[in-house]
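A look at the structure
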Amino acid sequence: MNPDTLPTPPDAHAPVETLYQGRWLSLRQRGRWEYAERNHCGGAVIIVAVTPEDRVLFVEQYRVSILQHTIEMPAGLVGDLAGQADESALIAAERELEEETGYRCGRIEFIHQGPSSSGMSTEMIVFARALDLVKVGAGGGDESENIRVHEVPRAEAGGWLFARAAEGYSIDPKLFAGLWFLEHIADGHVR
């Protein structure tokens, strides 16, 4: 199957109009399609990380956009810091892992890249695997964040997440992709 040979909507290449531009996000329109675009970053990165004790790292924080506490894998924006517009996804992954969880990795590997919400946003997300973790700090995020770190035994991760959902937490579904990658990808290859 070759996606380049499939039909595209007639207005897919229409000129882009900016409907609204905020500090961090813009609302754009191309033909009849409306979508969001980040103003100052090169996408996002999600970090799949397991401690030496075989515990998966999850982070919890309140997300104002959905008015709920969420559980996610450590993640962050790429190139969003002043003077770091050319930051790579893997460098951002190392930075975000330490900032959010207090762990530093000895190695970081690219796993996969894809859209965060292809019908609503231009944002692309990179999944990265952090290896050889060492605890170097408390984590918790930067001064604007209040992140709680959860270290969950790998074998119990799925059940733990569904138990948190039953308690009322919002569980980021991308977590389950991260758990699948953890079990099925080694050295960039499907096992």
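In short, a report on the structure. (Residues numbered from 1 in each chain as written. Predicted model: local features only at pLDDT ≥ 70, side-chain atom pairs only at ≥ 80, totals over all residues. Heavy atoms only, no water.)

1. What about the side chain of arginine 164?
The criterion, for reference: In DSSP terms, a helix is any run of H or I states spanning at least four residues, a strand is any run of E spanning at least two, and both are numbered starting from the N terminus. In what follows, a contact means two residues having at least one pair of non-hydrogen atoms within 4.5 Å.
Inspection of the secondary structure puts arginine 164 in helix α2 (residues 157-166). In contact with arginine 164, other than residues within four places in its own chain, are Ile71, Tyr169 and Ile171.

2. Remarks on the packing of aromatic side chains
The test is simple: Two rings belonging to Phe, Tyr or Trp (six-membered ring only in the last case) form a pair when the distance between their centres is within 6.5 Å. Interplanar angles under 30 degrees mark stacking, angles over 60 mark edge-to-face geometry, and anything in between is tilted.
Under the defined criterion, the tally for this structure stands at four aromatic pairs. Between phenylalanine 58 and tryptophan 160, the ring centres sit 5.7 Å apart and the planes meet at 10 degrees, which makes this aromatic pair stacked. In this pair, phenylalanine 58 sits in strand β5 (residues 55-63) while tryptophan 160 sits in helix α2, placing the two residues 102 residues apart along the sequence. One aromatic cluster is present, built from ring pairs that chain together Phe127, Trp180 and Phe181.

3. Description of the environment of histidine 184
Within the element layout of this structure, histidine 184 appears in helix α3 (residues 174-184). Excluding residues that lie within four positions of it along the chain, histidine 184 makes contacts with His189, Val190 and Arg191.

Structural measurements only, silent on function.
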